[in-house]
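# Chain and residue survey
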Amino acid sequence: MDLLFDLDGTLTDSAPGILRCFAHALARVGHPGIDVPPHLAVGPPLYRVFEALLPLSSTALIERAIVAYRERYEEIGILENSPYPGVRDALTTLRSRGHQMKVVTMKPEPYAARVLTHFELAEFFGGIHAPALADRRDDKGDLVASALLGRGSSDAVMIGDQPEDIRAAHATGIRSIAALWGFGAKEELLAANADASAADISDVVSVVANWAAVDPSHGASATRAWNVIETSRAKSRG
């Protein structure tokens, strides 16, 4: 299978650095003390987050905020971050079973590459599909589509913690796994109707193994069964 992984909130817990960088940037543009919820801040493009935090602000002020954010992020915040428990073991298992893996993220490509290299995860991935620093694209579906070029969608899966990850999978005709351990708002993430939900990354390994073992003609029923189980587990955890 072709496995497309989101980065922030899926492979790494980047919230500490990201939230501190938002606080720094907001203070620099004259708006200190604004609450920044992790589900809003971790994953979506910077421009969209600052638009939500500063709804009446000009484009120029938002661009200044992005510059201030990146000043701290490039120096400090990018490494206030750590892989989730079990990520390396899960990626090792998936690779050993012949799955091809890529990262598809809204984090600018230079930052994504630096994070993967620093945490020695780059070796697992055949590519990074991410915007350039100056890119203001807002549609993750475009990035998923670029990751699928020349590969097709029949055997691809998007794994991510944000509803936009699931919507991008729907838009490109591939399956999806909702990463419930990340920062996406759980109710909204489950409502996006992923093909399966995973409580932790070891569950991703199990879901993929389940799909790989099931005859394609029975894959839909197996997917629904797993999704019901995982959704019930998520709700029982509150």
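Keep in mind it's a predicted model, so treat the numbers as computed, not measured. (Residues numbered from 1 in each chain as written. Predicted model: local features only at pLDDT ≥ 70, side-chain atom pairs only at ≥ 80, totals over all residues. Heavy atoms only, no water.)

With that out of the way, let us pick up the packing of aromatic side chains. In this structure the tally under the stated criterion is six aromatic pairs. On the numbers, 6.1 Å between centres and 75° between planes, the contact of F5 with F125 is edge-to-face. Of this pair, F5 sits in strand β1 (residues 2-5) while F125 is found in the loop between α6 (109-118) and β5 (128-129), placing the two residues 120 residues apart along the sequence. The exposure classification of F5 matches that of F125, with both residues buried. Ring centres of Y69 and Y73 lie 5.6 Å apart, and the angle between their planes is 20°; on these two criteria the pair is classed as stacked. Linking Y69 with Y73, this pair stays in helix α4 (residues 59-75), spanning four residues, or about one helical turn. (Phe/Tyr/Trp six-rings, centres within 6.5 Å; stacked < 30°, edge-to-face > 60°. Helix = DSSP H or I, 4+ residues; strand = E, 2+ residues; numbered from the N terminus. Buried < 20%, exposed > 50% of the residue type's maximum accessible area, 1.4 Å probe, protein only.)

Here D161 shows up in the loop between β6 (156-160) and α8 (163-172). According to the relative accessible area criterion, D161 is buried, its value standing at 0%. Residues D161 and G182, 21 residues apart in the sequence, show an inter-C-alpha distance of 5.2 Å.

This part is about the environment of T93. Tracing the backbone through its elements, the reader meets T93 in helix α5 (residues 87-96). Residues T93 and S202, 109 residues apart in the sequence, show an inter-C-alpha distance of 9.7 Å.

Ranked by internal contacts, the top residues of the largest apolar core, which has 58 residues, are F5, L11, F22, F50, F125 and I177. Here this core takes seven residues from α4, the largest share from any one element. Among the nonpolar cores identified, the runner-up in size contains 12 residues, and L4, V144, A156 and M158 belong to it. (Core = buried A, V, L, I, M, F, W, Y, C linked by side-chain atoms within 4.5 Å.)

The next subject is the pattern of salt bridges. The final tally for this structure, using the stated rule, is 10 salt bridges. Here R48 ties to E164 by a salt bridge, and the two come within 3.1 Å at their closest N and O atoms. Here R48 is found in helix α3 (residues 46-53), whereas its partner E164 is found in helix α8, with 116 residues between them in sequence. E164 gets classed as buried once you look at its relative accessible area, which sits at 10%. Through salt bridges with shared partners, a single ionic network connects D6, K140 and D165. (Salt bridge = Lys/Arg side-chain N within 4 Å of Asp/Glu carboxyl O.)

The next point concerns the packing of α5 against helix α10 (residues 201-213). Running from N to C, α5 and α10 cross one another at 15°; their axes reach a closest spacing of 8 Å. Judged by the angle between their axes, α5 and α10 are roughly parallel. For α5 against α10, the interelement crossing comes out left-handed. Residues V87, A90, T93 and L94 of α5 form the contact with α10, whose participating residues are I201, V205 and V208. Residue classes in the contact of α5 with α10 are distributed as six nonpolar, one polar and no charged. (Axes fitted to C-alpha atoms, helices over the stretch in contact; angles between N-to-C directions. Parallel < 35°, antiparallel > 145°, perpendicular 65-115°, else oblique. Left-handed = near helix turned anticlockwise from the far one by under 90°. Contact = heavy atoms within 4.5 Å. Nonpolar A, V, L, I, M, F, W, Y, C, P; charged D, E, K, R; others polar.)

Take the sheet that holds strand β8 (residues 196-198) next. The strands making up a sheet are joined through hydrogen bonds of the backbone, oriented either antiparallel or parallel. The six strands lie next to each other as β5-β4-β1-β6-β7-β8, forming an open sheet whose pairing is parallel. The open sheet is flanked by β5 and β8, the only strands paired with a single partner. Where strand β4 (residues 100-104) and β5 come together, two bridges link them in parallel fashion. Bridged to V104 within β5 is H129. (Pairing = 2+ DSSP bridges.)

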